[in-house]
Protein chains: 2
Amino acid sequence: MGKNTRSSSKIFLNEKDIPNKWYNIMADLPTPMDPPISPFTGNSVTFDEMKALFPPQLIEQEMSGERWIDIPDKVMELLSLWRPTPLIRAKRFEKALGVKSKIYFKYEGTSPAGSHKPNTAIAQAYYNKINGINRLTTETGAGQWGSALSVACKMLDMQCRVYMVKVSYNQKPYRKSFMRMFDAEVIPSPSEYTNAGRDMLKRNPNSNGSLGLAISEAVEEAVGRKDTNYALGSVLNHVVLHQTVIGLETQKQFDLIGEYPDKIFACSGGGSNFGGIATPFLKEKLDGRDIEAVAVEPASCPTLTKGEFAYDYGDVAKLTPIMKMYTLGHDFEPPAIHAGGLRYHGESPIVSHLYKNGLIDAQNVHQSDIFRYGILFAQTEGIVPAPESAHAIAATALEAEKNREEGIEKTLLFCLSGHGFFDMSAYDAYLDGKLEDYEYPEQEIKKSLDHLPKV
Amino acid sequence: MGKNTRSSSKIFLNEKDIPNKWYNIMADLPTPMDPPISPFTGNSVTFDEMKALFPPQLIEQEMSGERWIDIPDKVMELLSLWRPTPLIRAKRFEKALGVKSKIYFKYEGTSPAGSHKPNTAIAQAYYNKINGINRLTTETGAGQWGSALSVACKMLDMQCRVYMVKVSYNQKPYRKSFMRMFDAEVIPSPSEYTNAGRDMLKRNPNSNGSLGLAISEAVEEAVGRKDTNYALGSVLNHVVLHQTVIGLETQKQFDLIGEYPDKIFACSGGGSNFGGIATPFLKEKLDGRDIEAVAVEPASCPTLTKGEFAYDYGDVAKLTPIMKMYTLGHDFEPPAIHAGGLRYHGESPIVSHLYKNGLIDAQNVHQSDIFRYGILFAQTEGIVPAPESAHAIAATALEAEKNREEGIEKTLLFCLSGHGFFDMSAYDAYLDGKLEDYEYPEQEIKKSLDHLPKV
């Protein structure tokens, strides 16, 4: 309460400090990544095959070995609506935990959609726009990615159709309202618009839908329409690339205060949030700096910590390229008791490659810790975290407590990837005692891993 | 899109620039304000009478003639969790409107509760705490103020009971979840806890409640319990005082860029948001500077523009002091078609006095403009405004368009008092065509004004 707690906790940058290049860690990997395979030909996916879904610049970025890639002026202009985002020291959270390690967080929740997702949505919409594509399709589960793409399309005067998993469409009406406010067309999936949707509705008219099926619907429509492309919110290399503005800004902020993180935590579902904050720091690790990065995932969907590094499909319907990644099997589904996002069976190929090569660590956390530390963070720092982001909070808090037991003091950093204002029902479920811890049984994971494609 | 739009739009301050004194315009008023009257004695309310509800420091501030009042260190520490807030130039909104006047907004939505309300909630909780009061009661309608006081009490290790109007309690579950996350006790009003509540439930077991009744319940409980005080989120002088951090920061931000606003807009329900941004600028107006300030209210609850400057009760149950203010009559209720907040029948005595004396202007706006401009603002600037704040957006946009017609260019400022993430259902109602414009009929206002107390 004295002078100590009154020293500045928030480190702001100016708009001129927004990075004007993305960092591409593929340029610095000690060993090359395995290429994606076409599910139709069994060979490496070609540039032309990807053109059915993506504009050429994004395909180039997907395959690029360039270390730094210029961010276009128009993308910079739109990012600057909310960037640079603040780096904040969580002094009251440290005090409540009773730890001496310093805890910093990079806060991405001030974006239009409330998370890091618009960093790539703006870029993806822009590259489509300059190639004459004025319409995008995508899928969304809880609604974060659909919201981000809706905002991006509106700001670039494009149309957007979002296939939203039907159970979320019915249970999360405010995310739907948000997308509607930005003139997006939100379709509950399964729908009558696609073969994949119609097939499912024939088999089960009451289907609640799934993320895998929504991906299939969005991809099928984009493949079938010349005026329409598809956009994905995570997993792919170009998505991780666009998110590196997070880590690059954070490095400038630590430079300003003359500190440096010893260990970085970020939640990881498809991996773009983790890759976005971590890869610029991993460049320094590859240059010899002593720094650790930990991808944090749910114990009920433990892709890196319990999955296999193998070629697998990106979706249930087997329409996407087969990618080399950590996976729980493309037909894996986390149990209903699992709250929040991070439900993806796979993991970004880049993040998978980094983990396989020992450049990063991974850790899974239980729901009781996620919500307990998430609420403590809200109560002390005044920001309600998205349940996804609370995974990183929990892992950071557990580390700080371990540091205390070991009598050491570290500088810890986590990415607060988004706010939780649209996720209050998950907090209600926790406070009502309806969320239990659940560790996915290894034998069940082995079963879904039996279905990996032969490549 | 060129260099012009890339120049910095966001003006940040450092934490050391958070004002360490509040500005009290009562010190500079050309004519004194009329005192509040006790509803029980018919005389001016005494210090001792107010002690049943408030700690001495707040009563002193309520009556103070000091120009500058120190902000305690602990309050500064907690305000610094989210302050200073940004001043932002809405360039894309200007462009979409096709106007040449510059539009700046001060954004208060980054606070823990998502609005300007915590600026005073923290201060009020603090003064109670240092007087040994560890429990506060209050009322909330839509939930903004209840959320703010819940956060403040949790951060100061106090208990908080919020009487929430029952219709909102049932219709806005996420605001309730938010307060619960900060360990507040949220009680649907009318309740069985108070005489006022029990009386209402006897008369009408299915009562939906009202803000007036919720105030009565919170006040009754605080009067009856020695360990409990009451906190109010607007109207009173000390609340307006605490909100002046908004205007004082904004002045520093304009100094930084060498500009100055010609005209300021802020929505006004109880008046603390308007008073908070406007009064520091009005000090300069009193010193001779050419500046206008406009309080913006709904056409369906037109307190300043259609009400009477008279002594009236602050609540329906006639428990609060009788205050000299613009009022529509204490039993006035805006029609059900009215969306969002700003439903209060009265107005802050300070703001009323300023208006009566010609120091500020007032304007009422229709729902169609509020939501139309609110959505355009979200689509261009990437921030979903609270419907209350969208009143100020609409008035500013209308002014900028008028400037264009008149061939003049002004620098306009509005206070974006909060985000609308908890208000998506109001936007849905607008997009569904369910909100109509409604001008409250003058003869109805005359009827409720017939019930003013004789003082």
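Residues numbered from 1 in each chain as written. Chains lettered and ligands numbered in written order. Predicted model: local features only at pLDDT ≥ 70, side-chain atom pairs only at ≥ 80, totals over all residues. Heavy atoms only, no water.

A. Spatial organisation of the overall build of chain A. Scanning chain A for helices and strands turns up 19 helices and 15 strands. In terms of overall dimensions, chain A has a C-alpha envelope of 65 × 50 × 45 Å along the principal axes. Within chain A, the fraction of its 455 residues that count as buried is 65%. As displayed, chain A has an accessible area near 16,000 Å², and 48% of this comes from carbon and sulfur atoms. Of the charged side chains in chain A, 49 are positive and 57 negative; the average position of the first set lies 4 Å away from that of the second. (Helix = DSSP H or I, 4+ residues; strand = E, 2+ residues; numbered from the N terminus. Buried < 20%, exposed > 50% of the residue type's maximum accessible area, 1.4 Å probe, protein only. Areas by Shrake-Rupley, 256 points an atom, 1.4 Å probe, with all protein chains shown as cover. Lys, Arg positive; Asp, Glu negative; His and termini not counted. Charge placed at Lys NZ, Arg CZ, Asp CG, Glu CD.)

B. Local environment of unusual backbone geometry. Residues and elements named next belong to chain B. Geometrically, the link from Arg 83 to Pro 84 is a cis peptide bond, its omega value of -5° lying close to zero. Along the chain, the position of Pro 84 falls in the loop between helix H4 (73–79) and strand S4 (87–89). The amide bond that connects Ser 189 to the next residue, Pro 190, takes the cis arrangement and shows omega of 10°. Note on placement: Pro 190 falls in the loop between strand S8 (185–189) and helix H10 (195–203). Despite not being glycine, Asp 157 shows a phi value in the positive range, around 60°. With respect to the element layout, Asp 157 can be found in the loop between helix H7 (144–155) and strand S7 (159–165). With relative accessibility at 64%, the residue Asp 157 sits in the exposed group. The phi torsion at Val 235 lies on the positive side, around 70°, for a residue other than glycine.

C. Representation of the pairing of strand S15 (residues 411–416) of chain B in the model. Residue and element names in this part refer to chain B. Of all six residues in S15, six are buried, a share of seventy percent or more. Residues Thr 411, Leu 413 and Cys 415 point to one face of S15 and Leu 412, Phe 414 and Leu 416 to the other, with burial holding for every one of them. Note: strand S5 (residues 102–107) against S15, six bridges, orientation parallel. Residue pairing for S15: Lys 106 is matched across the bridge by Cys 415. Sheet topology note: the strand S10 (residues 263–267)/S15 ladder contains three bridges and is parallel. Bridge pairing in S15 links Ile 264 to Leu 413. (Pairing = 2+ DSSP bridges.)

D. Up close: the pattern of salt bridges. All names here are of chain B. Within the structure shown, the criterion is met by 66 salt bridges over all chains. Arg 404 serves as the salt-bridge partner of Glu 405, at 3.0 Å between the closest nitrogen and oxygen. A residue is classified by how much of its surface remains accessible, and Arg 404, at 36% relative accessible area, is partly exposed. (Salt bridge = Lys/Arg side-chain N within 4 Å of Asp/Glu carboxyl O.)

E. How the structure looks around the relation of the copies chain B and chain A. Under the fitted operation, chain B is carried onto chain A by 0.0 Å of movement along the axis and a turn of 180°, and the coordinates agree to an RMSD of 0.0 Å. Viewed as a symmetry operation, the transformation between the two copies matches a two-fold axis. Nearest to the rotation axis, the C-alpha of B:Phe421 is located 3.3 Å from it, this being the minimum over chain B. (Least-squares fit on C-alpha atoms with pLDDT ≥ 70 in both.)

F. Structural view of the interface of chain B and chain A. Listed by partner, the interface residues are 49 residues for chain B and 49 residues for chain A. Across the interface of chain B and chain A, roughly 4,800 Å² is buried in total on both sides, 57% from carbon and sulfur atoms. Viewed at the interface, chain A and chain B are joined by eight salt bridges. Between B:Asp432 and A:Arg180 there is a salt bridge, with its nearest N and O atoms 2.5 Å apart. Connecting chain B to chain A are 20 residue pairs in polar contact (both at pLDDT 80 or more). In terms of residue class, the side of chain B that touches chain A is made up of 23 nonpolar, twelve polar and 14 charged. (Contact = heavy atoms within 4.5 Å. Buried area = accessible area lost by both parts, 1.4 Å probe. Polar contact = N/O pair within 3.5 Å; in protein donor to acceptor, adjacent residues only side chain to side chain. Nonpolar A, V, L, I, M, F, W, Y, C, P; charged D, E, K, R; others polar.)

G. Representation of the sheet that holds S4(B). Residues and elements named next belong to chain B. The seven strands lie next to each other as S1-S4-S5-S15-S10-S11-S14, forming an open sheet whose pairing is mixed. Each edge of the open sheet carries a strand with a single partner, namely strand S1 (10–11) and strand S14 (361–365). With five bridges connecting them, strand S11 (residues 292–298) and S14 associate as parallel partners. Bridging across to S14, Pro 298 finds its partner in Val 365.

H. Just the packing of aromatic side chains, in detail. All names here are of chain B. Using the criterion set out here, one finds 41 aromatic pairs over all chains in the structure. Ring geometry for Phe 105 versus Phe 414: centroids 5.6 Å apart, planes at 15°, classification stacked. In this pair, Phe 105 is assigned in strand S5 and Phe 414 in strand S15, connecting sequence segments 309 residues apart. According to the relative accessible area criterion, Phe 105 is buried, its value standing at 1%. Its relative accessible area of 0% is what places Phe 414 among the buried residues. (Phe/Tyr/Trp six-rings, centres within 6.5 Å; stacked < 30°, edge-to-face > 60°.)

I. Broad picture of the sheet that holds strand S1 (residues 10–11) of chain A. Residue and element names in this part refer to chain A. With mixed pairing, seven strands are arranged side by side in an open sheet as S1-S4-S5-S15-S10-S11-S14. Single-partner strands in this sheet number two, and they are S1 and strand S14 (361–365). Strands in contact with helix H13 (residues 272–286) are strand S5 (102–107), strand S10 (263–267), strand S11 (292–298) and strand S15 (411–416); relative to S10, the strand with the most contacts, it is inclined by about 160°. (Axes fitted to C-alpha atoms, helices over the stretch in contact; angles between N-to-C directions.)

J. Looking closely at the pairing of S5(A). All names here are of chain A. For S5, the tally of buried residues reaches five of six residues, placing the bulk of the element in the interior. As paired strands, strand S4 (residues 87–89) and S5 are joined by three bridges and run antiparallel to one another. Bridging across to S5, Ile 88 finds its partner in Phe 105.

K. The arrangement of helix H17 (residues 367–381) of chain B in detail. Residues and elements named next belong to chain B. A rise of 1.5 Å per residue sets the reference length of H17, with its 15 residues, at 21 Å; its end C-alpha atoms lie 20 Å apart and thus fit the reference within 8%. The buried fraction of H17 is high, at twelve of 15 residues. Within the sequence span of H17, burial applies to Gln 367, Asp 369, Ile 370, Phe 371, Tyr 373, Gly 374, Ile 375, Phe 377, Ala 378, Gln 379, Thr 380 and Glu 381. The positive-phi residue at the C-terminal boundary of H17 is Gly 382, with phi of around 80°. (Expected span 1.5 Å × (residues − 1).)

L. Spotlight on the environment of A:Asp48. Residues and elements named next belong to chain A. Counting through the fold element by element, Asp 48 comes out in helix H2 (residues 47–50). Assessed through its relative accessible area of 57%, Asp 48 is described here as exposed. Separated by eleven residues in sequence, Asp 48 and Ile 59 place their C-alpha atoms 9.3 Å apart.

M. Quick peek at the side chain of B:Glu77. All names here are of chain B. Within the fold, Glu 77 resides in helix H4. When its relative accessible area of 6% is taken as the criterion, Glu 77 is described as buried. One polar contact links Glu 77 to Lys 74, side chain to side chain, over a distance of 3.3 Å.

N. Structural context of helix H15 (residues 349–356) of chain A. Residues and elements named next belong to chain A. The buried fraction of H15 amounts to six of the eight residues, a majority that puts the element mostly inside the structure. When we look at burial in H15, the residues that qualify are Pro 349, Ile 350, Val 351, Ser 352, His 353 and Leu 354. Tucked into the core, H15 has its buried residues touching helix H12 (237–257), H13, helix H14 (303–306), strand S12 (308–313) and strand S13 (322–327). The N-terminus of H15 is capped by Ser 348, whose side-chain oxygen sits 3.1 Å from the backbone nitrogen of Ile 350. Gly 358 occupies a position one or two residues after H15 and carries a positive phi of about 75°.

O. Summary view of the packing of helix H16 (residues 367–381) of chain A against helix H17 (residues 387–406) of chain A. Residues and elements named next belong to chain A. The interhelical angle for the contact between H16 and H17, taken along N-to-C directions, is 90°, at an axis separation of 8 Å. Here H16 lies roughly perpendicular to H17, going by the angle between them. In contact with Asp 369, Ile 370, Phe 371, Tyr 373, Gly 374 and Phe 377 of H16, H17 contributes Pro 387, Ala 390, His 391, Ile 393, Ala 394, Ala 397, Leu 398 and Glu 401. Split by residue class, the contact of H16 with H17 holds ten nonpolar, two polar and two charged. (Parallel < 35°, antiparallel > 145°, perpendicular 65-115°, else oblique.)

P. Representation of the environment of A:Ser216. Residues and elements named next belong to chain A. Residue position: Ser 216 is located in helix H11 (residues 211–224). According to the relative accessible area criterion, Ser 216 is buried, its value standing at 0%. Residues Ser 216 and Asn 195, spaced 21 residues apart in sequence, show a C-alpha to C-alpha distance of 9.4 Å. Contacts of Ser 216, omitting those with residues within four sequence positions, involve Ala 196, Asp 315, Ala 317 and Leu 319.

Q. Broad picture of the confidence of the model for chain A. All names here are of chain A. Residue-level pLDDT values for chain A average 94, and 98% of them are 70 or greater. Under a pLDDT of 50 for its full length, residues 1–6 has, in the predicted model, ten contacts with residues more than four places off or in other chains. Quick note on the complex model: pTM equals 0.96, ipTM equals 0.95. (pLDDT = per-residue confidence, 0-100.)

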